[in-house]
Amino acid sequence: MKPCHLSKPLHIILQLSVCIFFSASSIFAQSTIIGLRFNNQTVSSVKLNVMPPGKGGNQSEAKVGDQLVSGTKLIIPPNTIVILQSPGGKQKLTSTTGAPMEYTLEITPKGENHITQGVGAQIENTVNKTVGYNYKVNNGKGTTAASKGTVFTFTDLSQPNNEQAKITTEEGTINIIDEIPVRIAGAPEKPDKHGGTLTKSVSRLQSQGQGQFTSSNQPVNYNNYDEAISAISSEVSGESDPDEKADDLTCLGDLFMDNEQPAKAIAPFREAAKIYEEEYGDDDLSTLEAKLSLAEALMNSDKDDDANKILADVESILEDNLSVDLDDLDYVKEENDQEAQEVICEDITETYGLLGWLYEIKGDEKKSDEYYDKMDEGCK
């Protein structure tokens, strides 16, 4: 039974706000490289892995003027700076620790999602002064931010099993959503095979000059499941931010599941999945996790047909994602890029874990164990 947020224990969401409404298939659903630096020198091209969505088209070099369509992934080596211009603003990407970083651009009908991952991976954002909350930055482990025209810096410092991010606001105000652990009667939740722990979201505003925000692992404690369910239900009813609401709906569903009330978990999981799909698309990790949670609740409520329909859709997406990632892995192996291999292996390992969970829900123990074993082995 999956606890709140499958992938990582902590989720800080910095949603940077820009009101941009366009189709991801339009010509505007892209970003342009407007600057490159290597070893503190301005250059016109630089060695880094550019991986557009789907199979094929990978490149080992980026040039000023290159355009990145939605879904493109960059693996940026140390001592390299990439400056992008997107419809919603400007992004400066670099690693602060000498380790490679991964960056992915996603543009949906709801707006822009900029995902940066890796120890020390940093993105400085200068966002257009418009209204709305649709320019987002996250670390793929649970961090996103929002504001109405802002300058802010987001640094991912996550290590395995320890999500952490630091956020500094240079101009304007951002809304930070931080996922914190939930404890029932003081007993810590034990991570399951998926690596998740029970969490809920708390939000705060941070304005220019208020110092640096660092994500927290300070838990909130409830005396029993009834108290936790009542408290989270009350919070959800008053929340307007889509990420915060979806996170807490997922938490509410997990509480019902842990309290052996799967039928009551169906509605919050279904609503959370709908929000994530609208905000991030049907192949986003958060969307897939929420749909697997929903399928599990349906299966445990004797609604096998409904559950199997969801599982079939999720399985198809996961298999496609895995195929693309394995293709990218073969590409960087040919390039003899060991650092890029390690970054892509993390994505592959996450997909193995989701497939293991999917087959666990289906009751296929053999295939479930097979994927969990692959998750543990990584890319060996």
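About the cut-offs
Residues numbered from 1 in each chain as written. Predicted model: local features only at pLDDT ≥ 70, side-chain atom pairs only at ≥ 80, totals over all residues. Heavy atoms only, no water. Pairing = 2+ DSSP bridges. Helix = DSSP H or I, 4+ residues; strand = E, 2+ residues; numbered from the N terminus. pLDDT = per-residue confidence, 0-100. Contact = heavy atoms within 4.5 Å. Axes fitted to C-alpha atoms, helices over the stretch in contact; angles between N-to-C directions. Parallel < 35°, antiparallel > 145°, perpendicular 65-115°, else oblique. Left-handed = near helix turned anticlockwise from the far one by under 90°. Nonpolar A, V, L, I, M, F, W, Y, C, P; charged D, E, K, R; others polar. Disulfide = S-S within 2.5 Å. Buried < 20%, exposed > 50% of the residue type's maximum accessible area, 1.4 Å probe, protein only.

## Some words on the pairing of strand β16 (residues 165-171)
Along any regular strand, the residues point their side chains to alternate faces of the sheet.
For step 1, the next point in the chain: The pairing of strand β15 (residues 151-156) with β16 spans six bridges and is classified as antiparallel. Its bridge partner being in β16, T153 is matched across the sheet by T168.
For step 2, the next point in the chain: Two elements, β16 and strand β19 (residues 212-214), share three bridges in a ladder whose sense is antiparallel. The residue bridging T168 from the neighbouring strand is Q212, located in β19.

## Focus on the confidence of the model for the protein
For step 1, the next point in the chain: Across the protein, pLDDT averages 85, with 86% of residues at or above 70.
For step 2, the next point in the chain: No element of the protein has a lower mean pLDDT than strand β1 (residues 12-16), at 42, and none a higher one than strand β3 (residues 41-43), at 97.
For step 3, the next point in the chain: The low-confidence segment residues 1-28 (pLDDT under 50) makes 171 contacts with residues lying over four places distant or belonging to another chain.

## Quick notes on the pairing of strand β2 (residues 30-38)
For step 1, the next point in the chain: When β2 meets strand β6 (residues 67-69), the two strands line up antiparallel, connected through three bridges. Among the inter-strand pairings, Q30 is bridged to a residue of β6, identified as V69.
For step 2, the next point in the chain: Taken together, the six bridges between β2 and strand β8 (residues 80-86) define a ladder with antiparallel strand orientation. When the bridges of β8 are listed, I33 appears paired with L84.
For step 3, the next point in the chain: In terms of strand pairing, β2 meets β3 through three bridges, oriented antiparallel.

## Things to note about the packing of helix α5 (residues 304-334) against helix α6 (residues 338-362)
For step 1, the next point in the chain: Close contact between α5 and α6 brings their axes to 9 Å; oriented N to C, the two are set at 160°. One way to sum up the angle between α5 and α6 is to call them roughly antiparallel. In the packing of α5 onto α6, the handedness of the crossing is left-handed.
For step 2, the next point in the chain: For the contact of α5 with α6, the per-class residue count stands at 17 nonpolar, two polar and seven charged.

## Some words on the state of the cysteines
For step 1, the next point in the chain: Taken as a whole and assessed by the stated rule, the structure comprises one disulfide.
For step 2, the next point in the chain: Each sulfur of the disulfide joining C345 and C379 lies 2.1 Å from the other. Between C345 and C379 the disulfide shows an S-S torsion of about -140°. By sign, it is left-handed. Within this pair, whereas C345 is found in helix α6, its partner C379 is found in the segment after α7 (365-377), the two being separated by 34 residues in sequence.
For step 3, the next point in the chain: On the accessibility criterion, C345 (16% relative accessible area) is buried.
For step 4, the next point in the chain: By relative accessible area, which is 27% here, C379 ends up partly exposed.

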